Structure formats: C-alpha cells, structure tokens
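Residue-level structure breakdown
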Amino acid sequence: MRDYSRQVLSGEGENDYTRYMRTDALLSLQRSSEEMAHRDELLFQVVHQSAELWLKLACFELRAATALIEDGEQDGATALLTRASLAVELVTDQLEMMRHLSPWDFQTIRTVLGHGSGGDSPGWLSVRRDSRAVGRAFSAFIEKRGIDLADVYRAEHKGDTYRLAEALIEWDERVSLWRVRHYKIATRVIGHQVTGTQGTPVETLAKLIAYKFFPELWEVRTHLTETGPMAEPHTDPVEAGSP
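In this text, all values refer to a predicted model and were calculated from it rather than measured experimentally.

This paragraph deals with the nonpolar core. Core analysis: the largest hydrophobic core is formed by 47 residues, its most contacted members being M98, W124, V127, F138, L168, W171 and L217. Residues within four places of M98 in sequence aside, it is in contact with L43, F44, V47, H48, I185 and V189.

Set out below in structure tokens:
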C-alpha cells in the first residue's frame, strides 16, 4: 500500500504541496509587519502581486493563441482567448479590495512606493505588447484568406472566424473594463486632478479607456449599423436639392 504520509517531491517546504506551489517563497514576497509603514500595505501588495500572476497566465494564453491564429487553428485560439479574458475579469474583480483602502491611509503607503507606478507593471506591459501581436496575426489571417468581416457577421451560420473575432472583442472589452474600474478606484483613493507616484496625471487613465486593440472589429459594427435594415437611406446631395 502506498504511504501517502511520505513526501516525494524535492525542494523547499515541509510537504509536497508547499514544495510544488513554492508557498514558502510566494508568501515571503510581501513586506513583513516590521517593514510596513501601514498595515494595509499587505492588502495593497496582495492585490497587485496576484494581478501580476493572473496577467502572466493571460499573456501566456494570448501568445499561444497568436501562434494558433498564424497556423490557422481558429478554434484553439478562441478557447485560449476565452481563458485570457477570464483572467483579466478576475484581475478586475479583485480591485474591489481597494475600496477598503482609506484615502488617508493610502497617503502613508505612498511614502514607501518610491516612483513605483502601475505603468511599469510587467503584466500590463505584456498585455499591450501581446494584444498588438495577436491583432496583427488576426489581420494577416483574414487578409491572406480574403475574408470580409462584414460578411462574417452577416452570415446566418456563425462559423469559426466569427467566434474568433468575438473572442478578440471580448479580450479588448475586458481590458477596457479593467481600465474603467482602475480609473474609478484611483480617483476614489487619490482624487481627481492630482498626479500619481510617477508624476502622471490621474486623468491620463481616463483617456486610455477608449483605446482599442482591434479597431477593425469595432469598425465593422459601425458598418453593419450603417448598412443594416434600420439604416437611413442614402440621398445624393444633388438629388436632395432638385425641385
């Protein structure tokens, strides 16, 4: 009979769980009570460190999806993009913890942040870089095959390309929704018309909300509205002025 009390993995930790998950190292990454300028530094670090982990996973899936698109494997790319979007949704949801951070208490935490800024987040820098890469891969995919996006959306049978396009839209939207929530949390904690730890005006965050990684997928929606059954009939300016 197998002895389940015997640990079989090598590495640091008193049991196989802590060795595989590297919990000793993971749980040592936060400042100790003796190092803290304020007790809510733990809340602040856990929110941001866990976000980096989720974003690491999201971008891992995004890069794999890019490779699949380049190989023409649409279904596989769609599945991975769906995973990535869920990861960003979870990152967004955990910002709710920041609602419990007092604006005045955060002023104490700011004193130990140096010039640290979310703009330097490895996870969000990867999101920007990898989103552009998957966008280029998708654009090349439809161009190489002569695919008309409007036709993809008008088709009665919603096929693989439609599902892939919608997965890309979901990713784009999830990143934008995070930006909305991040901006609102930032203004709730530090206010409006102030600068962040790196000298960036907080209102800059608001401007990023409208940014789109895949503009052609948003533009096709406008085109469908302008050409759909409820569209205003086109009138030639000369005809309109004729008696």
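Here we come to the environment of A51. Checked against the element boundaries, A51 lands in helix α3 (residues 41–70). Through-space distance from the C-alpha of A51 to that of L95 is 9.2 Å; in sequence the pair is 44 residues apart. Excluding anything up to four places from it in sequence, A51 contacts V91 and Q94.

All chains considered together, the criterion is met by five aromatic pairs. Look at Y153 and Y162: their rings are 5.1 Å apart centre to centre, the planes differ by 70 degrees, and that puts the pair in the edge-to-face class. Cluster of aromatic residues (ring-pair linked, three or more members): Y211, F213 and F214. The cationic tip of K158 hangs over the ring face of Y162; the distance from NZ or CZ to the ring centre is 5.4 Å.

Here the focus is a positive patch on the surface. Side chains of R128, R129, R132 and R136 sit close together on the surface and give a patch of like positive charge. Position of R132 relative to the elements: it lies in helix α6 (residues 122–144). By relative accessible area, which is 39% here, R132 ends up partly exposed.

Cut-offs used in this document
- Residues numbered from 1 in each chain as written.
- Predicted model: local features only at pLDDT ≥ 70, side-chain atom pairs only at ≥ 80, totals over all residues.
- Heavy atoms only, no water.
- Core = buried A, V, L, I, M, F, W, Y, C linked by side-chain atoms within 4.5 Å.
- Buried < 20%, exposed > 50% of the residue type's maximum accessible area, 1.4 Å probe, protein only.
- Contact = heavy atoms within 4.5 Å.
- Helix = DSSP H or I, 4+ residues; strand = E, 2+ residues; numbered from the N terminus.
- Phe/Tyr/Trp six-rings, centres within 6.5 Å; stacked < 30°, edge-to-face > 60°.
- Lys NZ or Arg CZ within 6 Å of the ring centre and 35° of its normal.
- Patch = residues over 30% accessible without salt bridge, like charges linked within 9 Å, V, L, I, M, F, W, Y side chains within 5 Å.
- Areas by Shrake-Rupley, 256 points an atom, 1.4 Å probe, with all protein chains shown as cover.
- Salt bridge = Lys/Arg side-chain N within 4 Å of Asp/Glu carboxyl O.
- Lys, Arg positive; Asp, Glu negative; His and termini not counted.
- Charge placed at Lys NZ, Arg CZ, Asp CG, Glu CD.

The quantities given are spatial measurements derived from coordinates; they are silent on function.
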